Amino acid sequence: MSGLMSGSVDDGDEAVARDMERRRFVQLLGMGGLVFAAGPSGIRRLGRLAETAVPVDPFSPHAYIALREDGTVTITCHRSEMGQGIRTTMPMIIADEMEADWARCRVEQAVGDERKYGSQNTDGSTSIRLFLTKYREAGATVRALLEHAAAKQWGTDVSEVRARQHTVIHERSGRSLSFGALVATARSLPMPEKTSVRVKSPSERRWQGKKMPSIDLVPMTTGTAIYGADVRLPGMKVAVIAHPPVWGGRVRSFDARAALRVPGVEKVLHIPEPPLPAGYNTVGGLAVVARNTWAAIQGRAALRIVWDDGPHASYDSVAYRAELEASVRKPGTAGRVVGNVEEALASAPRTLEREYYMPHLSHAQMEPVVAIAQAVNGTVEVWAPTQSPQDARGTVAKYLGTDESKVTVHVTLLGGAFGRKSKPDYICEAAWLSREVGVPVRVQWTREDDLRNSYYHTVAAHRLEAGFDGNGTVTAWRHRVAYPAIDAIFAQDVEGPGPDDLTNGASDIPYAIPNIRVEVCPAVAHTRIGWYRSVNAIHHGFAIGSFIDELAVESKKDPAKYLLDLLGPDRVVDLSKDGLVAPASNYGGTWTDYPLDTGRARRVVELAIEKSGWGTPLPSGRGRGIAMHRSFLTYVAMVVEVDVAADGTVSVPRATVATDAGFVANPDRARSQMEGAVIMGMSNTLYSEISFRNGRVVQSNYPSYPVTRMRTAPHTVDVHLVESEALPGGIGEPAVPPSAAAICNAIWDATGVRIRQLPVGRQLAGARARTTDPDGQDR
């Protein structure tokens, strides 16, 4: 990949960048320079684009599509590529509908321009979910336009022609014209009416719903792909920043004399600290600007800074956990109310109460955040691995006090993101510094910067209570949760999430329980909270999936069978009419289009049971756990098999993931994301934790913030996708939420130790293998 993987960048090729004509450089950045064709049979290198390969005036009948008279089709991807495959899947859908030859298609990355392209915010598992129909219609519309152009050239009716693999054929005579030969005529025609455009039926699709290798795979694996730190501009300087170690802190005083004596260091600038909550803006600090990365890092280390730690200097994770737990032991604000929980709990033959805790998490993506900016004559040009170029554009414009039209944001490949790179604070830093020093500046964060100055996944405490009868049938369900809200980075006096936050997997549970009450309880934020892959569904899924397993054990029932029984009869529920407190959001979809379908939930549970070998014997020290969760309009059931060693180390020999995401455009990429979700879920569950002491993050790098390593990663991840033509749900996030509960339930099955606080860490040291099953029978 890039030099960033080792934490440093070779500055020796700056001379090459100085000699590179800037416009051609940007062109190569967008086109990738090397061209590869990817198809169901594999990937092949087509060669390097010639200087004459890009005509001045391509025909652009659609914002996503451009055609040239040499037959080249350029498809502009407006979403960011961070490993999920959107730069393959989005163009593939359009090319399929166009009847374009995939080997003659090129992919360009869009700059930030919401008016032109629509939403470019690549998070929330929305790229296909929100745009599948638009992509199909875009390709089908251009196909129809080319068919009309051929009919005009031949003087025949359009009903007699049909596009087929980069040509339009006159079906009666067999005559054909290439797409390139039709460009001149197509320019003169009006766009077809939407009512006359026909998208393909399932039987007509060439690539949609089929495996397609990533167009970026070869560049990524050969080191030619361009990530943020790979961008070079003539005269570029490098900056690293000493940020306030506490959210809301500021520089009280500093001494930069030693820093300025470091060879290569040129300037030290104070970036003003904004008032809280600051939103997407930088938190400020001291920037060391230098000729290379190493000098900037060494210069920062030489700074002598006295900090004013501000209002959150006393933030302490141990004390805050106690606050959250106290909060959930009191009534909160209801997000869903069905029946009368208080009466049902009071009259239930048996009750169970449990509490669960999950700490802050950091994205810890392999590529620390980085941005390059060039501010010249009131304009700003940015190159960055950003999930949301439109937000970056708007935030930079506002931060610098300029018009958005004067800001251009180019998107490089992202070396991981998970939500961190949807916030453009680091891009604001590069833009501000470039304006101040008058040359291009690359702001480079280190791993330590990334872990200690992030927008963290929220910390959460849960309290669940259930009333049930002698058969284990649940008659009452009360769930209280407290966690600081993402809204706290945008507004003052936010005291926790609103009821609508609970639709991220807590208030929208699919279970057949007659009395339900789900509440949010107060929790004030003391650090920056941000989106993290799967957001609040992670801790909701951990608590709910674990509690259901505990209910099964208390009822002496098989956990998988108990889960199916709890789902009740198959039914389709519009939760906006079933107890949800307004506005009752549904991941941006309507409850009419995406109702709660318990039949889909049941099918993924049954599929996971079937494919995992549930109930078959396991060796001593091994166990299986199951969990199911609906999030981002997708249903995922997961069975995880764990192996717990004598020292408490947990490995995962096998995980089985069953997913119903509606129509899946690219199954290959979907499977990869399910596999990655299991590995990330292991990190969240077993190892990772961000904690605070005196307002400061304790962890600094992977040794203190561990993630899943090869020796404990799953040997096998079996992914099963339910084939469907239903509206698409999300893919990137839905498999993370059930993973924590499935892992912890498997740990209990293996050892009899119940995990209610994460990470698992050393809680299993000295644990012995269980010798009986939940019903008391010998294993």
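Everything numeric here is computed off the predicted structure, so don't read it as measured data.

1. What to know about the overall build of the protein chain
Counting its secondary structure elements, the protein chain contains 19 helices and 31 strands. The C-alpha atoms of the protein chain give a radius of gyration of 28 Å, which matches the 28 Å a tight globule of 779 residues would have. Its C-alpha atoms put the protein chain at 80 × 80 × 50 Å along the principal axes. For the protein chain, buried positions account for 61% of its 779 residues. Residue pairs at least 24 apart in sequence account for 77% of intrachain contacts in the protein chain once pairs closer than 6 positions are excluded. Roughly 29,400 Å² of accessible area belongs to the protein chain as shown, and the carbon and sulfur atoms make up 50% of that amount. One way to put it: in the protein chain the 88 positive side-chain charges average out to a point 3 Å from where the 87 negative ones average out.

2. Brief notes about the sheet that holds strand 4 (residues 65-67)
The strands making up a sheet associate through hydrogen bonds between their backbones, and the pairing can be parallel or antiparallel. Ordered in space as 3-4-5-6, the 4 strands form an open sheet in which the pairing is mixed. Each of the sheet's edge strands pairs with one partner strand only, and the pair in question is strand 3 (59-62) and strand 6 (105-109). Neighbour-to-neighbour, the strand axes of the sheet open up by a mean angle of 25 degrees, direction not taken into account. For strand 5 (residues 73-77) and strand 6, the ladder comprises 5 bridges, and the chain directions are parallel.

3. As for the domain arrangement of the protein chain
Looking at the assigned domains, one finds that the protein chain contains domain 1 (53-208), domain 2 (239-313), domain 3 (317-361 + 455-751) and domain 4 (369-444). In this structure, domain 1 and domain 2 have C-alpha centres spaced 48 Å apart.

4. A look at the confidence of the model for the protein chain
Counting all residues, the mean pLDDT for the protein chain is 92, and 92% of those residues have values of 70 or more. When the criterion is pLDDT under 50, residues 1-56 qualifies, and its contacts beyond four places in sequence or with other chains add up to 104 contacts.

5. Comments concerning the packing of aromatic side chains
Enumeration according to the criterion identifies 12 aromatic pairs in this entry. Note on Tyr587 and Phe632: the rings are 4.9 Å apart at their centroids and 45 degrees apart in plane angle, and the pair reads as tilted. Separated by 45 residues along the polypeptide, Tyr587 in the loop between strand 24 (572-573) and strand 25 (596-597) and Phe632 in the loop between strand 26 (622-631) and strand 27 (634-644) bring together distant segments of the chain. On the accessibility criterion, Tyr587 (14% relative accessible area) is buried.

6. Focus on the nonpolar core
Counting 111 residues, the largest nonpolar core has Trp477, Tyr511, Leu551, Val605, Met628, Val642 and Ile747 as the members making the most contacts within it. Beyond its immediate stretch of four places on either side in the chain, Ile747 contacts Val642, Val650, Leu686, Gly752, Val753, Ile755, Val760 and Leu764. Residues Ile86, Phe131, Leu182 and Ala186 belong to the second largest nonpolar core, which totals 45 residues.

7. Topic: helix 3 (residues 86-98)
Taking 1.5 Å per residue as the helical rise, helix 3 with its 13 residues ought to reach 18 Å, and the 18 Å between its terminal C-alpha atoms agrees with that figure. For helix 3, a buried count of 13 out of 13 residues is recorded, marking the element as mostly surrounded by other parts of the structure. Phi turns positive, to about 65 degrees, at Glu99, one or two residues after helix 3.

8. Overview of the side chain of Arg393
Inspection of the secondary structure puts Arg393 in helix 12 (residues 389-400). From its side chain, Arg393 meets the backbone oxygen of Val407 in a polar contact 2.9 Å long.

9. Some thoughts on empty space enclosed by the protein
Unoccupied space between atoms shows up once a probe the size of one water molecule is rolled over them. One pass over the full model with this rule turns up 8 cavities of 30 Å³ or more. Lining the second largest cavity are 14 residues; nearest its centre among them are Val246, Trp247, Arg452, Asn453 and Thr527. Residue composition of the lining of the second largest cavity, grouped by class: 8 nonpolar, 4 polar and 2 charged. Here the lining of the second largest cavity gathers at least three residues from each of two domains, domain 2 (239-313) and domain 3 (317-361 + 455-751).

10. Concerning the sheet that holds strand 27
Here we have 4 strands laid out as an open sheet, ordered 26-27-28-31, and mixed in their pairing. Sheet topology places strand 26 and strand 31 (716-721) at the edges, where each strand pairs with a single neighbour. Pairwise comparison of adjacent strand axes, ignoring direction, gives a mean angle of 15 degrees for this sheet. The pairing of strand 26 with strand 27 spans 10 bridges and is antiparallel. The residue bridging Ala627 from the neighbouring strand is Met638, located in strand 27. Helix-sheet contacts for helix 17 (residues 598-612) involve strand 26, strand 27, strand 28 (650-660) and strand 31, and the interaxial angle to strand 28 is about 140 degrees. Sitting on the sheet, helix 19 (residues 737-751) touches strand 26, strand 27 and strand 28, and the angle it makes with strand 26 is about 155 degrees.

The rules behind each value
Residues numbered from 1 in each chain as written. Predicted model: local features only at pLDDT ≥ 70, side-chain atom pairs only at ≥ 80, totals over all residues. Heavy atoms only, no water. Helix = DSSP H or I, 4+ residues; strand = E, 2+ residues; numbered from the N terminus. Rg over C-alpha atoms; globule rule 2.2 N^0.38 Å. Buried < 20%, exposed > 50% of the residue type's maximum accessible area, 1.4 Å probe, protein only. Contact = heavy atoms within 4.5 Å. Areas by Shrake-Rupley, 256 points an atom, 1.4 Å probe, with all protein chains shown as cover. Lys, Arg positive; Asp, Glu negative; His and termini not counted. Charge placed at Lys NZ, Arg CZ, Asp CG, Glu CD. Pairing = 2+ DSSP bridges. Axes fitted to C-alpha atoms, helices over the stretch in contact; angles between N-to-C directions. Domains from an automatic or database assignment. pLDDT = per-residue confidence, 0-100. Phe/Tyr/Trp six-rings, centres within 6.5 Å; stacked < 30°, edge-to-face > 60°. Core = buried A, V, L, I, M, F, W, Y, C linked by side-chain atoms within 4.5 Å. Expected span 1.5 Å × (residues − 1). Polar contact = N/O pair within 3.5 Å; in protein donor to acceptor, adjacent residues only side chain to side chain. 1 Å grid on protein atoms, 1.4 Å probe; cavity = no way out; pocket = protein on both sides within 12 Å on 5 of 7 lines; lining within 4 Å. Points joined across faces, edges and corners; volume = space filled by probe spheres on them. Nonpolar A, V, L, I, M, F, W, Y, C, P; charged D, E, K, R; others polar.

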